[in-house]
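# Examination of the molecular architecture
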Amino acid sequence: MSTESLIFEKGAPGRAIPLLPELDVPERPLDHLIPASYLRTEPAPLPEVSEIEVVRHYTRLSQRNFGVDLGFYPLGSCTMKYNPKINEDMASLPGFARLHPLVDDSMAQGAIKLLYELEQYIAEIAGMARVTLQPAAGAHGEITGLMIIKAYHESRGDIERNVVLIPDGAHGTNPASATLADYTTVELKSDARGGVDLAHLEATLAQHAGHIAALMMTNPNTLGLFDENIVEIARRVHDAGGQLYYDGANANAIMGITRPGDMGFDVVHLNLHKTMSTPHGGGGPGAGPIGVAPHLVPFLPGPLPAKDDSGYFWEDAGPQSIGRVRANNGNFLVLVRAYTYIRSNGPDGLRHVSESAVLNANYIMRALEGEYDLPFNRACMHEFVLSADRQKKLGVSALDIAKRILDFDMHPPTIYFPLIVHEAMMIEPTETETRETLDEFIALMKQIAREARENPSIVLEAPHKTVVGRLDQTLAARKPNLRWTPEREPATV
Ligand SMILES: *Cc1c(COP(=O)(O)O)cnc(C)c1O
């Protein structure tokens, strides 16, 4: 176990190398700054380890994790695509990375220009008039967009609108954002093809006549299916006085092919850490800029990047703006990565990204439809949802299958989401995978289906190869044990 033991168990007194010279100025007591009761009376009990032990410890810890740089990561709805390293090079240029957000505009011309152009690219991709780059994530874009929609209705004296419609397959952030924005959410049923049920939409619009504030939707939806009725849906919601909010987490399927603005949406967020290739996981940082149609531009948060004969500058928002939603200019270096991604792909390249993502998803779906249930059997977009119902009857659940995949150095798909599919497994290969990798994943999924029939215990006891096995996921999320207590007393100084 020596390679697994933790850093407190390593080391010995006197092993740490002092890097600082002895103090040669009088020591200033801290108790005029910090109350004495908060000050340590003894040095912290830290392990004394050599540099190489520290390096090995953290390198080993990093290898206990799984990342997109290590293997296939078909986590549906999250778009875990390869993140080109040139994005990192650009984001670490000192002119970007070390720029203070409060310098005078004259000293930040390149950065403001980048944001100005990025705003235009995002507006073009989404089919919107203008964009705010401030929101720090998709969910943040959602609340910002809903606040804009609310301000719009109120500006027209339309204050009775308190209902936001959300399809039953929606991502949890949609109802959460609507609730935070003080709206009541009403669920829309899906039809047999996996789209919004038009009859149910009609009935719901009638039931809440005069109260519809907005419909929040993603298209393709979380089943990976494109709702062909979207223009009709948009017309009906608009006729009922509502606005349409596009959750752009699934934009990986549509770039350069169609645009939310052309489908009839009024507000759109794009998750730059999904579609535009900023690495994500572990909670951020991300960016969820939103674009709006012309009638909503006055409500955007400000300031917005602008340009005149003397150069680039920040233009303050007008009187109807909902105000800032984030300090400074958003997660600036995420925006630099997105800019680099868009510029290095170009318009044709972005279209090719989406076409390849869709092709890859359909390739896997058709290869696996004989082994797993396919609840909606139609061409998918960049992702699709299988059901492990058939395996469940043999005692093997989607969770067991996900755990078994871990034994083969691949990440499992999203499971149990969307909620409308039993034993859901939501698979998104992305455009960045080779055919060989897709074939390996297909072979693995077929092997697991066979194991479920012939030798279920190997699946039920998985994972066999990972550092930790099956954690109590609820406890791990609700009560994470972030402080490890050493088994023996650490070396004292
Ligand atoms: C990821 C995701 C969101 C939320 O985006 P965050 O950037 O994680 O806040 C919303 N909707 C869908 C469909 C998503 O996949």
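We now turn to the structure provided with this report.

### A closer look at the packing of aromatic side chains
- Across all of its chains, the model carries seven aromatic pairs by this definition.
- On the basis of an interplanar angle of 65 degrees and a centroid distance of 5.4 Å, the ring pair of Tyr116 and Tyr312 is categorised as edge-to-face. Taken as a pair, Tyr116 in helix H4 (residues 109-126) and Tyr312 in strand E9 (residues 311-315) lie far apart in primary sequence, 196 residues in all.
- For Tyr312, a relative accessible area of 13% translates into the label buried.
- Seen from their ring centres, Tyr152 and Phe299 are 6.2 Å apart, and the 85 degrees between their planes marks the pair as edge-to-face. Of this pair, Tyr152 sits in helix H5 (residues 138-155) while Phe299 sits in the loop between strand E7 (290-292) and strand E8 (304-308), and the two are 147 residues apart along the sequence.
- Residue classification places Tyr152 among the buried residues on the basis of a relative accessible area of 13%.
- With a relative accessible area of 4%, Phe299 lands in the buried category.
- Seen from the ring of Tyr183, Lys150 lies directly overhead, with NZ or CZ sitting 4.6 Å from the centre.

### A short note on helix H10 (residues 332-368)
- The end-to-end C-alpha distance of H10, which contains 37 residues, comes to just 41 Å, noticeably less than the 54 Å that a straight helix rising 1.5 Å per residue would cover.
- Its axis deflected by about 100 degrees at Gly346, H10 carries its strongest bend there, up to four residues before the proline Pro347.

### A look at the layout of surface pockets
- In this structure, the largest pocket occupies an estimated 1400 Å³ of space.
- Lining the largest pocket we find 40 residues, and of these Arg64, Asn65, Phe66, Leu406 and His411 sit closest to its centre.
- Mapped onto the lining of the largest pocket, the elements with two or more residues apiece are helix H1 (51-63), helix H12 (398-405) and helix H15 (473-478).
- Here the lining of the largest pocket is built from residues that sort into 20 nonpolar, 13 polar and seven charged.
- Taken together, domain 1 (1-65 + 469-493) and domain 2 (82-462) each give at least three residues to the lining of the largest pocket, which thus spans both.

Analysis parameters
- Residues numbered from 1 in each chain as written.
- Predicted model: local features only at pLDDT ≥ 70, side-chain atom pairs only at ≥ 80, totals over all residues.
- Heavy atoms only, no water.
- Phe/Tyr/Trp six-rings, centres within 6.5 Å; stacked < 30°, edge-to-face > 60°.
- Helix = DSSP H or I, 4+ residues; strand = E, 2+ residues; numbered from the N terminus.
- Buried < 20%, exposed > 50% of the residue type's maximum accessible area, 1.4 Å probe, protein only.
- Lys NZ or Arg CZ within 6 Å of the ring centre and 35° of its normal.
- Expected span 1.5 Å × (residues − 1).
- Bend = angle between axes of the 7 residues up to and from the residue.
- 1 Å grid on protein atoms, 1.4 Å probe; cavity = no way out; pocket = protein on both sides within 12 Å on 5 of 7 lines; lining within 4 Å.
- Points joined across faces, edges and corners; volume = space filled by probe spheres on them.
- Nonpolar A, V, L, I, M, F, W, Y, C, P; charged D, E, K, R; others polar.
- Domains from an automatic or database assignment.

Interpretation in functional terms is not warranted from these geometric data alone.
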